[in-house]
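# Overview (structure and organization)
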There are 2 protein chains.
Amino acid sequence: MRQVPAKLASKLYGAAELIAERGLADAKVDEIADAAGIPKATLYYYFSGKDEVLAFLLADMLELIAGEGGTAASAPGSARDRLESAVEAQLAVMLDHPAVCRALVGDLGRATRLPELAAALQEAFHRPIASLLAEGVSDGTLRPVEDPGAVALSIFGAITVTGLSVAVEGSSNDSATDAARIAASICDLMLNGLATTPANTGLEGDR
Amino acid sequence: MRQVPAKLASKLYGAAELIAERGLADAKVDEIADAAGIPKATLYYYFSGKDEVLAFLLADMLELIAGEGGTAASAPGSARDRLESAVEAQLAVMLDHPAVCRALVGDLGRATRLPELAAALQEAFHRPIASLLAEGVSDGTLRPVEDPGAVALSIFGAITVTGLSVAVEGSSNDSATDAARIAASICDLMLNGLATTPANTGLEGDR
DNA sequence: TCTATCTTGAACTCTCAGTACAAACTCTGA
DNA sequence: TCAGAGTTTGTACTGAGAGTTCAAGATAGA
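Residues numbered from 1 in each chain as written. Chains lettered and ligands numbered in written order. Predicted model: local features only at pLDDT ≥ 70, side-chain atom pairs only at ≥ 80, totals over all residues. Heavy atoms only, no water.

## Observations regarding the relation of the copies chain A and chain B
Superposing chain A onto chain B takes a rotation of 180 degrees plus a shift of 0.0 Å along the axis, which leaves an RMSD of 0.1 Å. Overall, the copies show the geometry of a two-fold rotation axis. Of the C-alpha atoms belonging to chain A, the one lying closest to the rotation axis is found on Gly193(A), 2.0 Å away. A shared interface surface links the copies, since 94% of the contact residues of chain A are contact residues in chain B too. (Least-squares fit on C-alpha atoms with pLDDT ≥ 70 in both. Contact = heavy atoms within 4.5 Å.)

Laid out in structure tokens, this is it:
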């Protein structure tokens, strides 16, 4: 895949909607090219096929998510507060790119079969959460858990599925507010839990 | 799609691994037929194409999940306990059918573009959780939340992403134990939360 | 200007999903 | 045992569309 010029990249986003709508398999290359407003020959000059077009779009968004999430995660403040910011930041990027998100969920398989994309996914979502959990234990704002990997995965799942669902369903017109609302709901759940009876949060002592 | 005989259905599971590995798009119909050990003509006698083969496999598994989850959800006991059982039951079925799960995640797009499958997905995963949350509020074993829909979605996301991840990575040889362990981890998180400072759930207790 | 890289239209090849169909086989019921 | 319906399969075919090729313009840097 050649270095993609910015102008071309922005045009490609015009095809994301089409891919999201119909799925990569049912979107003909000619249609993708039409939707992006570029000739098919140009498309093949830069990409080896439609798989690579999707991969490019996804990589672009994941980079954004990793960036925003990373910024939030490394800000000053307690790990717990940063976790909340990171969740919100990730959701905000997703809701800003609903078409790409929908394309992602639709062709997740292709995405995870491309090793560098799978790595980017990991990097964008999972890594920052996992490290914030560990930091939270260190600074005492989060309690330690039995299986941190599974917990990070659960949070990751909650964010992505919720975000994707909103992207698919279509959110209101103010995506930033939506992101904040959903993030608050997820964080409330993850931090405070649902139990009414005091179960077993070992919160008395501390680290 | 004709009524699929049980013998044929069981053979089709032999193709799930192939579909999971390569994705539906890259799995040729001839290969799918070979993997299942049936002639292509027979395949087309029962299905209109490979999409329908995948749809059949998924529908089969989702029905199983809905069944097990539903049974757990309607057992006697507090809503909170039943929630834990339902989570574990859903995970158990997923870990019992790793190839189908991987195929599902790989071609989720196709799946959600088939309306009856999307409905089955909803029915299998989301519905039982959402109603258990509501029941938990009624019977007092779970606290009410701001946005029950988002919370149900989050739990749904935690279960599926964790389950799918294990299905993709490959679990140990005892899938039932794995399911129990992961379910415990998810439920601990969802019920008790991660916060050390008492926000909402704050009494203390022990384990 | 000269040269390298980019851009594009158009015609091409080739793989494969899906179709067609007839022969054989199985089962049921009379 | 036969007739008919439904099922199973081999084989050959068709058509769509992904990806290729190429040569002629456009553009831009030296």
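## What about the environment of Ile65(A)?
All names here are of chain A. Mapped onto the secondary structure, Ile65 falls in helix 4 (residues 50–73). Linking Ile65 and Leu117, residues 52 residues apart in sequence, is a C-alpha distance of 13 Å. Look past the residues within four positions of Ile65 in its chain and what remains in contact with it is Gly70, Gln90, Val93, Met94, Ala124 and Phe125. (Helix = DSSP H or I, 4+ residues; strand = E, 2+ residues; numbered from the N terminus.)

## Quick look at the protein's contact with DNA strand C
The environment of DNA strand C is made up of 13 residues, and the closest members are Thr42(A), Tyr45(A), Tyr46(A), Lys28(B) and Val29(B). A distance of 3.1 Å is found between a phosphate oxygen of DNA strand C and a side-chain nitrogen or oxygen belonging to Lys28(B). Going through the elements one at a time, helix 3 (40–46) of chain A together with helix 3 (40–46) of chain B are the ones with two or more residues in the surface near DNA strand C. A total of four residues in the surface near DNA strand C trace back to one element, the largest contributor, which is helix 3 of chain A. When its residues are assigned to classes, the surface near DNA strand C shows seven nonpolar, two polar and four charged. (Near = heavy atom within 4 Å. Polar contact = N/O pair within 3.5 Å; in protein donor to acceptor, adjacent residues only side chain to side chain. Nonpolar A, V, L, I, M, F, W, Y, C, P; charged D, E, K, R; others polar.)

## Comments concerning the protein's contact with DNA strand D
For DNA strand D, the full set of nearby residues is Lys28(A), Val29(A), Lys40(A), Tyr44(A), Gly49(A), Lys50(A), Arg2(B), Pro39(B), Ala41(B), Thr42(B), Tyr45(B) and Tyr46(B). Of all DNA strand D atoms lying within 4 Å of any protein atom, the proportion belonging to sugar or phosphate reaches 68%. At 2.7 Å, a side-chain N or O of Tyr45(B) approaches a phosphate oxygen of DNA strand D. Those elements that provide at least two residues to the surface near DNA strand D are helix 3 of chain A together with helix 3 of chain B. Sorting elements by how many residues they give to the surface near DNA strand D places helix 3 of chain B first, with four residues. A breakdown of the residues in the surface near DNA strand D according to their chemical character gives six nonpolar, two polar and four charged.

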